[in-house]
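Topology and contacts: notes
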8 protein chains.
Amino acid sequence: MFMYEQELHSLLKKLQQGELEVDDVYNKIKTLPYEDLGFAKLDHHRGLRDNFPEVIFCPGKSVAQIEEIFIRLAEQSANVLATRADEAVLQTIREKIPQVQYDPLARLLYLRRNSPPCPGQVAVITAGTADLPVAEEAALTLEIMGAEVTRIYDVGVAGIHRLFDKITLINACQAVIVVAGMEGALASVVGGLTSRPVIAVPTSVGYGASFNGLAPLLAMLNSCASGVAVVNIDNGFGAAAMALAILKARD
Amino acid sequence: MFMYEQELHSLLKKLQQGELEVDDVYNKIKTLPYEDLGFAKLDHHRGLRDNFPEVIFCPGKSVAQIEEIFIRLAEQSANVLATRADEAVLQTIREKIPQVQYDPLARLLYLRRNSPPCPGQVAVITAGTADLPVAEEAALTLEIMGAEVTRIYDVGVAGIHRLFDKITLINACQAVIVVAGMEGALASVVGGLTSRPVIAVPTSVGYGASFNGLAPLLAMLNSCASGVAVVNIDNGFGAAAMALAILKARD
Amino acid sequence: MFMYEQELHSLLKKLQQGELEVDDVYNKIKTLPYEDLGFAKLDHHRGLRDNFPEVIFCPGKSVAQIEEIFIRLAEQSANVLATRADEAVLQTIREKIPQVQYDPLARLLYLRRNSPPCPGQVAVITAGTADLPVAEEAALTLEIMGAEVTRIYDVGVAGIHRLFDKITLINACQAVIVVAGMEGALASVVGGLTSRPVIAVPTSVGYGASFNGLAPLLAMLNSCASGVAVVNIDNGFGAAAMALAILKARD
Amino acid sequence: MFMYEQELHSLLKKLQQGELEVDDVYNKIKTLPYEDLGFAKLDHHRGLRDNFPEVIFCPGKSVAQIEEIFIRLAEQSANVLATRADEAVLQTIREKIPQVQYDPLARLLYLRRNSPPCPGQVAVITAGTADLPVAEEAALTLEIMGAEVTRIYDVGVAGIHRLFDKITLINACQAVIVVAGMEGALASVVGGLTSRPVIAVPTSVGYGASFNGLAPLLAMLNSCASGVAVVNIDNGFGAAAMALAILKARD
Amino acid sequence: MFMYEQELHSLLKKLQQGELEVDDVYNKIKTLPYEDLGFAKLDHHRGLRDNFPEVIFCPGKSVAQIEEIFIRLAEQSANVLATRADEAVLQTIREKIPQVQYDPLARLLYLRRNSPPCPGQVAVITAGTADLPVAEEAALTLEIMGAEVTRIYDVGVAGIHRLFDKITLINACQAVIVVAGMEGALASVVGGLTSRPVIAVPTSVGYGASFNGLAPLLAMLNSCASGVAVVNIDNGFGAAAMALAILKARD
Amino acid sequence: MFMYEQELHSLLKKLQQGELEVDDVYNKIKTLPYEDLGFAKLDHHRGLRDNFPEVIFCPGKSVAQIEEIFIRLAEQSANVLATRADEAVLQTIREKIPQVQYDPLARLLYLRRNSPPCPGQVAVITAGTADLPVAEEAALTLEIMGAEVTRIYDVGVAGIHRLFDKITLINACQAVIVVAGMEGALASVVGGLTSRPVIAVPTSVGYGASFNGLAPLLAMLNSCASGVAVVNIDNGFGAAAMALAILKARD
Amino acid sequence: MFMYEQELHSLLKKLQQGELEVDDVYNKIKTLPYEDLGFAKLDHHRGLRDNFPEVIFCPGKSVAQIEEIFIRLAEQSANVLATRADEAVLQTIREKIPQVQYDPLARLLYLRRNSPPCPGQVAVITAGTADLPVAEEAALTLEIMGAEVTRIYDVGVAGIHRLFDKITLINACQAVIVVAGMEGALASVVGGLTSRPVIAVPTSVGYGASFNGLAPLLAMLNSCASGVAVVNIDNGFGAAAMALAILKARD
Amino acid sequence: MFMYEQELHSLLKKLQQGELEVDDVYNKIKTLPYEDLGFAKLDHHRGLRDNFPEVIFCPGKSVAQIEEIFIRLAEQSANVLATRADEAVLQTIREKIPQVQYDPLARLLYLRRNSPPCPGQVAVITAGTADLPVAEEAALTLEIMGAEVTRIYDVGVAGIHRLFDKITLINACQAVIVVAGMEGALASVVGGLTSRPVIAVPTSVGYGASFNGLAPLLAMLNSCASGVAVVNIDNGFGAAAMALAILKARD
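Residues numbered from 1 in each chain as written. Chains lettered and ligands numbered in written order. Predicted model: local features only at pLDDT ≥ 70, side-chain atom pairs only at ≥ 80, totals over all residues. Heavy atoms only, no water.

Some details on the overall build of chain A
Threshold: Secondary structure elements follow DSSP: runs of H or I of four or more residues count as helices, runs of E of two or more count as strands, with numbering from the N terminus. Should any heavy atoms of two residues lie within 4.5 Å, those residues are considered in contact. Computed with a 1.4 Å probe, the accessible areas rest on the Shrake-Rupley method; for each residue, only the protein chains presented here act as cover.
Looking only at helices and strands, chain A has 11 helices and 11 strands in total. Put simply, of all contacts in chain A between residues at least 6 apart along the chain, 65% involve residues at least 24 apart. Here chain A has roughly 8100 Å² of accessible surface; of this, 49% comes from carbon and sulfur atoms.

Quick notes on unusual backbone geometry
Phi at Asn212 of chain B takes a positive value of approximately 60°, unusual for a residue other than glycine. As for its position among the elements, Asn212 of chain B is in the loop between strand S10 (198–202) and helix H10 (214–221). Although it is not a glycine, Arg84 of chain F adopts a positive phi angle of roughly 55°. Along the chain, Arg84 of chain F turns up in the loop between strand S4 (79–83) and helix H5 (87–96).

Quick look at the domain arrangement of chain A
Residue and element names in this part refer to chain A. Stated precisely, the cut-off is as follows: Source of the domain bounds: an automatic or database domain assignment. Buried area counts how much accessible surface, traced with a 1.4 Å probe, disappears from two parts once they are put together, with both parts' losses summed. Just to be clear on terms, a salt bridge is a Lys or Arg side-chain nitrogen sitting within 4 Å of an Asp or Glu carboxyl oxygen. Polar contact criterion, stated in full: a pair of N or O atoms within 3.5 Å, where within protein one must be able to donate a hydrogen and the other to accept it, and residues adjacent in sequence count only if both atoms are side-chain atoms. Residues are grouped as follows: Ala, Val, Leu, Ile, Met, Phe, Trp, Tyr, Cys and Pro are nonpolar; Asp, Glu, Lys and Arg are charged; every other residue, Gly included, is polar.
As assigned here, chain A comprises domain 1 (19–112) and domain 2 (121–249). A separation of 28 Å is found between the C-alpha centroids of domain 1 and domain 2. Residue-level contacts link 12 residues of domain 1 with 17 residues of domain 2. The junction of domain 1 with domain 2 conceals about 1400 Å² of combined surface from both sides, 68% of it contributed by carbon and sulfur atoms. Seen at the junction of domain 1 and domain 2, the total is 1 salt bridge. Across the pair Arg84 and Glu137 runs a salt bridge whose closest N-O atoms are separated by 2.9 Å. Summed over the shared surface of domain 1 and domain 2, the number is 4 residue pairs in polar contact (both at pLDDT 80 or more). At the level of secondary structure, the elements contributing two or more residues to the side of domain 1 that touches domain 2 comprise strand S4 (79–83) and strand S6 (108–112). Per-element accounting of the side of domain 1 that touches domain 2 gives the leading share, 3 residues, to S6. Of the residues assigned to the side of domain 1 that touches domain 2, the class counts are 7 nonpolar, 2 polar and 3 charged.

Side note on the sheet that holds strand S6 (residues 108–112) of chain C
All names here are of chain C. Quick note on the threshold: Any two strands are treated as partners once DSSP identifies two or more bridges connecting them.
Reading across the sheet, the 4 strands line up as S3-S4-S6-S5 and stay open at both edges, with mixed pairing between neighbours. Strand pairing shows two members of the sheet lacking a second neighbour, strand S3 (56–57) and strand S5 (101–103), which therefore form its edges. The sheet contact formed by strand S4 (residues 79–83) and S6 spans 4 bridges and is antiparallel. Looking at S6, one finds that Leu81 is bridged to Tyr110.

Some points on helix H6 (residues 132–144) of chain A
Residues and elements named next belong to chain A. Rules: Expected helix span is computed as 1.5 Å times (number of residues minus one). Residue burial is assigned from relative accessible area. The probe radius is 1.4 Å, only protein chains are included, and a residue is buried under 20% of its type maximum, exposed over 50%, and partly exposed in between.
Between its first and last C-alpha atoms H6 spans 18 Å; for 13 residues at 1.5 Å apiece the expected length is 18 Å, and the two agree. For H6, the buried fraction is high: 11 of the 13 residues fall into the buried class. Along H6, the positions that sit buried rather than exposed are Leu132, Val134, Ala135, Glu136, Glu137, Ala138, Ala139, Leu140, Thr141, Leu142 and Ile144.

What about the relation of the copies chain G and chain E?
Threshold: Least squares is the method for superposing the copies, and the C-alpha atoms it fits come from residues with pLDDT of at least 70 in both.
With an RMSD of 0.2 Å, the operation that places chain G on chain E is a rotation of 180° combined with a shift of 0.0 Å along the axis. The two molecules are tied by a two-fold rotation axis, judged by turn and shift. No C-alpha of chain G approaches the rotation axis more nearly than that of Ala185 of chain G, which lies at 2.4 Å. The share of interface residues of chain G whose copies in chain E are also at the interface is 100%, consistent with both copies meeting through the same surface.

Focus on the packing of helix H10 (residues 214–221) of chain E against helix H10 (residues 214–221) of chain G
Under the convention used in this document: Between the N-to-C directions of two axes lies an angle of 0 to 180 degrees, each axis being a line fitted to C-alpha atoms and, for a helix, fitted only over the stretch in contact. Any angle between 65 and 115 degrees counts as roughly perpendicular, while under 35 counts as roughly parallel, over 145 as roughly antiparallel, and the rest as oblique. Note: crossing handedness is left-handed where the near helix turns anticlockwise from the far helix by less than a right angle, and right-handed where it turns clockwise.
At their nearest, the axes of H10 of chain E and H10 of chain G sit 8 Å apart, and the two run at 125° to each other. By the criterion of interaxial angle, the relationship of H10 of chain E to H10 of chain G is oblique. Pair H10 of chain E / H10 of chain G crosses with left-handed handedness. Taken together, the residues of H10 of chain G that come into contact with H10 of chain E (itself represented by Leu214, Ala215, Leu218 and Ala219 of chain E) are Leu214, Ala215, Leu218 and Ala219 of chain G.

Description of the side chain of Gln174 of chain A
By secondary structure assignment, the location of Gln174 of chain A is in the loop between helix H8 (167–171) and strand S9 (175–180). Classification of Gln174 of chain A by relative accessible area gives buried; the value is 12%.

Let's talk about the packing of helix H6 (residues 132–144) of chain E against helix H11 (residues 236–248) of chain E
All names here are of chain E. Packing of H6 against H11 leaves a shortest axis separation of 7 Å and a crossing angle of 35°. Regarding H6 and H11, the two cross each other, and that crossing is right-handed. Contact residues: Val134, Glu137, Ala138, Thr141 and Leu142 in H6; Gly236, Phe237, Ala240, Ala243 and Leu244 in H11. For the contact of H6 with H11, a count of residues per class yields 7 nonpolar, 2 polar and 1 charged.

Re the sheet that holds strand S5 (residues 101–103) of chain H
Residue and element names in this part refer to chain H. Judged by pairing direction, the sheet is mixed, and its 4 strands sit side by side in the order S3-S4-S6-S5 without closing on themselves. Sheet topology places strand S3 (56–57) and S5 at the edges, where each strand pairs with a single neighbour. The pairing of S5 with strand S6 (residues 108–112) spans 3 bridges and is classified as antiparallel. Bridge pairing in S6 places Tyr102 opposite Leu109.

Overview of the interface of chain G and chain E
Many analyses report the size of an interface as the accessible area lost when the parts associate. Between chain G and chain E, the contact holds 24 residues from the first and 24 residues from the second. On the surface where chain G and chain E come into contact, there are 0 salt bridges. The interface formed by chain G and chain E contains 10 residue pairs in polar contact (both at pLDDT 80 or more). Of all the secondary structure elements, the ones that give two or more residues to the side of chain G that touches chain E are helix H9 (185–193) and H10 of chain G. A class-by-class count of the residues in the side of chain G that touches chain E yields 18 nonpolar, 5 polar and 1 charged.

Quick look at the pattern of salt bridges
This model, assessed by the stated rule, comprises 47 salt bridges over all chains. Taking the shortest distance from any N to any O, the salt bridge between Asp154 of chain B and Arg162 of chain B comes out at 3.9 Å. Here Asp154 of chain B matches Arg162 of chain B in class, with each residue buried. The salt bridge partner of Lys96 of chain C is Glu67 of chain C, with a shortest N-O separation of 2.5 Å. With a gap of 29 residues between them, Lys96 of chain C in helix H5 (residues 87–96) and Glu67 of chain C in helix H4 (residues 63–76) connect regions that are remote in the sequence. Note on Glu67 of chain C: relative accessible area 15%, which makes it buried.

Some thoughts on the confidence of the model for chain A
Rule in force here: The quantity known as pLDDT measures the predictor's confidence residue by residue, on a range of 0 to 100.
Here chain A averages 87 in pLDDT, while 90% of its residues score no lower than 70. Interface confidence for the predicted complex, given as ipTM, is 0.87, next to a pTM of 0.90.

Some details on the environment of Leu193 of chain B
By the element assignment, Leu193 of chain B lies in helix H9 (residues 185–193). Spatially, the C-alpha atoms of Leu193 of chain B and Ile167 of chain B are 7.4 Å apart, while their sequence positions differ by 26 residues.

A word on the pairing of strand S10 (residues 198–202) of chain H
Residue and element names in this part refer to chain H. Definition in use: Crossovers are marked right-handed if the path from the first strand over the helix to the second runs clockwise, as seen with the strands pointing away from the viewer.
The buried fraction of S10 is high, at 5 of 5 residues. On S10, burial covers both faces: Val198, Ala200 and Pro202 on one face and Ile199 and Val201 on the other are all buried. Strand direction decides the pairing type here: strand S9 (residues 175–180) and S10, joined by 5 bridges, are parallel. Paired with Val178 across the bridge in S10 is Ala200. As a crossover connection, the stretch from S9 through helix H9 (residues 185–193) into S10 is right-handed. In this sheet, strand S11 (residues 228–230) lies alongside S10 in parallel orientation, the contact comprising 3 bridges. Bridging from a neighbouring strand, Val198 pairs with Val228 of S11.

Here's the deal with the side chain of Asn235 of chain H
Mapping Asn235 of chain H onto the fold places it in the loop between S11 and helix H11 (236–248). Exposure remark for Asn235 of chain H: the relative accessible area of 9% places this residue in the buried category. The residues touching Asn235 of chain H, leaving out its near neighbours within four places in the chain, are Tyr207 of chain E together with Arg84, Val134, Glu137 and Val201 of chain H.

Some remarks on the state of the cysteines
Keep this limit in mind: Pairs of cysteine sulfur atoms within 2.5 Å are what we label disulfides.
In this structure the tally under the stated criterion is 0 disulfides over all chains. Free of any disulfide, Cys224 of chain C has its nearest neighbouring cysteine sulfur in Cys224 of chain F, separated by 15 Å. Residue Cys224 of chain C is classed as partly exposed on the basis of its relative accessible area, which comes to 27%.

Describing the pairing of strand S4 (residues 79–83) of chain E
Residues and elements named next belong to chain E. Buried residues dominate S4, accounting for 5 of its 5 residues. Burial of S4 is two-sided: the residues Asn79, Leu81 and Thr83 facing one way and the residues Val80 and Ala82 facing the other way are all buried. Note: strand S3 (residues 56–57) against S4, 2 bridges, orientation parallel. Paired with Ile56 across the two strands is Ala82, which belongs to S4.

This is the structure:
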């Protein structure tokens, strides 16, 4: 039952008072808020329920499928976001929606027609330069969603002093995203230096025994610092989504 | 450099003005805020820097070591917390500090001499009854730290309707902890139903192919719902720490 | 929405016709069919929705918790089943419900007060004698639920001729459960010999490179024979549940 | 011994009565029902023993090998099926057998010259759009084999309400296939909502910690819902084969 | 069909000539050579087909089951062998069969009433003293089966010169078993020094990153020396069985 | 010390008798039998010590390196073998040594200028057609080394009757190689049917949960049939080397 | 606090004596020694603190980023090193800095404008020819840093006598690097023969069950020889860095 | 050939000059320097070749075996060391050798009758108190071998400032051992702060996703700091052995 209590109560009241017929009420209760494209079911109310309108994860979808989903979402929402998009998708959609924007480093394709109010500030920190694509996926997603971002890049623990004069900057944010490959130690170090919630993103950057990100994933899950939680390997978007949920939890 | 900017500035000022000697200032800058027991270095200022005073993780420590650390912390802080404690530790410490409390389900040993103000409300949700020890470790830690807890237990996806009349309760919280073993699907389902940040805790409950919690750990990391981040297997304390950081991020 | 269409329609009709009040209907729609024990939520309608009344998985639950759940279920259902139960639980519950039965090999504790009609025949096949506890968990569960069982034990592929004069027996069943440890090859061999659906159960029996059942689990998932699907390691109950669903799919 | 009892009895009878010679009987008993191509042994009687005529799994076979096997099977069977076929195979075989059909999404190449009677109805459900290739491999295989298919696509747990108005549709089927990547939670949720046997197919869709489908594989094996069994990662064909065995178990 | 060609031909001949009835022949063909105990099916002809009479693997079997199997096998075979047996089994069986013997290091329980002729010589080599239980399981099995054994113990690669004056001894054998834990390098070194077939047995001896024998298992499978094949972790019996098959391959 | 006893004794004798000088003897003892190319050290005496002249494993070596090693070996040995060679290597070497031969399925490049006597017969068995490249690497290696090979292909356990009329053929060999992917069950089945030593080769053929051959590797290591040992995934050459060692152990 | 004690003391002294202002001292203490490029923070003082100036690990960085970092480092340091560089990077940088050098086997790109004094001698040993790229990454790095290198290549344990006349050479070095794939046994053998510290580098060379270097990694970690430590798979640079630290520890 | 060049030359000279007989020289060359106990071969010359006299690793050995090995070593060497010893071994050996010493935290049993000269200084650093048993195994081994040890315990990255005033202490050592469980980040942080060689020891301390030390093991292997190498999980002895080899490399 996804209908809010008042709505249900009010519907039943109207039925009792003869303002609505049984079938009207029955259908309202049964009808669920999504649009069915056959191969996809678009969840237009997710913007209410969740912090995002439905976001398109492109891998495994054909360009035609992404195009159709993107256009339908654009008919219902001011802002649309597709992650892990490549240039071919950009070309196709730009013909239909010229205002669409694309960031090749973050691989985000997006339409931004209104500016949601800024809910707060998030620090996005990387251990190395090779972590940038994941960090930018997080940072740009946050900005599209209206948050402000403090980027602190290349402060890995091999030269940990580069981090220390950034602590005041970090503490000024309400949430912290740490993106690191190799041994992922930066998440623990940042977690030990700040009382802000730390969202750790392991990356698949590194030599063989990284096993495509398994090493920093396990390291971050085992962080000895408290206030650290972990999202999927290379999942900058997921980190941004968690950060936004944290920012909005302040409301 | 862990000294706050003002402190440093003020120290230098006093040196300039002759109120302090070079060696005083030098030592203040060099002296770091911990107490050295030899086998342990107690970080008494962590209460300022982090949301917790230093918490004692008991496994691998002898009863004598736990006792000594607990008593030293109790001399400096009103509240002390030890996790994964067993009854032997309780007996020993109670002789020295009679007000110490113990919860055998959560395996928490704690001293609570003042009540920090309540920073908010956290939902703690479990999939099954066997997840209770981990959930209680989280819930009781939160209560000791001054947060309010809404317990919603045994609402796993095998009977998912048990979850649906709890959605309003969940949305009333600022953070949500989901504790689940087996396939860990509850984290994704809750994540899809609420816009609150979800902290997922995999547990080691289940048949053989759970591989001691690996199955729900991977499932939770791969959650298709956004706004979900994961802590270590069976780590109720870690989830509570993350939730507290989120609550405090609202300040 | 877990209410059947007719129920909802009929409720709304009665509201329209003044036979029910708004609050009655509202509560009926919102009230979900489970009983809340605090630490557990009993799903008494599962017998309708699923093939089982709720079954108690004992590991990780205290004896007191199992006892309370068992007794509450026994108040609502004629038959109750607890898996992976040990003798301590038997002692406790027998004091309250003398008719309770226990099988030490299958580790099943159960109350059987009526006999559901027999829905069909299931073959339970093991590779070796050490697979018996898992096989008996499956076989006895099936019998408690009213199915007939054909036991074919110790016919592993090291002496594959032991299997061949059983083929007629196997084909006379509507579903086949194959329980095997070590390399788990028996599932593929049986799958190649029969057109019946084969439910494969890997067991944790074997030398070190079995890795507690990982070897037969992977082998069974990779079966080159078609019509084979796999349940969790040592999960005889899960295999029985799948077999019952298959038998009932014939209705 | 794969000969049916009556056949053997009748052969021996005829030998006794002088209707057959020793060598005829000897050869009939020894001659096994397959055709030997050297690099492959075609099992033409599998259609009797199993639910499928032998199906060609293309990976690792050369185009020439696939072609030869396909043509030989087409000489013996009305219907032939090759899975994981690519377009090059289609081109080659179409020159010899113009009626051959190909579905590029499902990657199935098939010849369908008669229509076996429809044995029942199977629901094929996906969590996301990226799971479609695997789902279509299952659905089209079922249709080629004569079953009816109810496709319910893109109802993953991030927006679980999309699933709920499909429950009546699902319960009208005799078997259910759930195709899901990422955390694979949909299998458990569907398993909890229906009493039909659920065949879960993990897919390799997802971020890094999916480890190419390991995450949903483990999750599905650990399903807390009963009546769920699992086939290999991305193995839509295997799920269809299991479903057909279930449908035929009703005879 | 496990009957030898001549047997079948001769049976059919006798039927044709009226020396046998149809049912006699039918039953002879259908009757398979094992004894059914219900929970076990004893394969008394394995001694012909394989190099061993059926051997009892004790783990997972109850003492009563082992006892019954042992006694039945002892009625049919001069020699009986049970592996991984503990002392409790010895006590029970000795009451019935006083000649039974037990080796506590190898954990073998056996009855040896005739001496099969010696088929050859096998070297059993260990890296360290902690590998002895596995090595003795192999060596004693070989001796019970009539082979001669050359024991070369504690010649691990940390002091590789201890191996070199044994090369003549090793080359005098027809098969070589190498038992090693930790990094398992000894198998490769021996394989590089001899042209004899080397059967490598990884053991679970070692520090944490041995992962219970995974390290030497993988190392032995990746041996850069040729003429090396591997059996299961700690499986001394399996190595002996392979060695016996090699010795008998000379006939 | 790799010098045979007699050689050493005779050298010392000659020194004592004044037939040799100290430095001659010293250098003979110290000089080891290999040729140093800088990037490679060719072990020309391996033909004596082992069953093969040194064999070139091509992956990771440049074409120029392979060429130089091949030509140097060809100067010392009548026969040379390179495994996992691609066509580029063939082109290069053929210019220098026109008699070189290449098999594209087995990926073997070889020079065969004399025919070593045939040491025996080896059965090479595959489960499916996709296992052929690995099987042919084994079979052709054996033939190059002078053994006879009985090829029995495509007799996997999904249609196990295809195997049964081959048992006499198999038992006529002195060693058996079983090549199988997917669940690898064929090794156990063959191992249960013959007393010959079985060398199992897992292949990387299969769906996702094969994990590139891990599934059949573990299955084969856990074979419940005795007389089975395992070599590396896809390592047809390694199986041939073990089989040759077994054949030669008969001398 | 990364400032040396004397510096701090002297700064405070000057403040006291009025030679410096509070803000000067404050900023000196706060200013940390790195250069910020935005996407990277260059740690120019690492040459003092560590044995290397900051080294560029190229994978995951764009050519433009590598170019910018290289040029900035070249402005500050006489010598610059980039690892895992490809030819495209060489082309770009050579246009700006013609003296840059490139080794295609080791994939090192470097600028060497002064020659640091030689700190000692390191043996770099490989098991096979395919290990050369990793070995050369180590050896050339050492030479760039001023160490002397003794290369001993292709002395794997399949022909272990090739190693024995190199022992004197090895013992003449102060550190030993052993590079090996497959089973990685060479590290243990070398470790058993020398008292020098052995740095083991597993490589990803080998058949399937190497699992991209996991097999030699685990083997080397489990070395039964003492004085062996391990770096990442294929990480020749890491081994060189450890060797340099060992050489410099002699100062 | 393990004889030193001069020894061999001198032996041959004496043979030539008639001072020795052929058999004397022959036996001297063939006789290898170890003592054979049957179940163990004691390598008394290891003290010359390696930095340790042979050290006894107790797990998997019986008390009687440990006793015999210990006593024999004590007859040949002034100092003897057994690792992972328990109190039962102590009791037994003390009866024979009263001077034997035992440390219950480090689990080392040792005889120390002379004091080897101190070869240098090693820092032993732990992340937490629970890492002490492993750290003490390393530290005490070093002290027994004559090195000096600087213990720096409980300086994990959750409170990283506890480490910073120890940097001068650390840099004063010639080698550094870092012992850490959980995420093992301390090794990277220390590696980034010092130019000394860092030997990292992962411990099995931590929550479930540590997987018994796999998490810190992988993290340490992936250290982004240079000059770090890793030994086995919980292997304090191995770290000490590597440190001693480094100290002695200075000679």
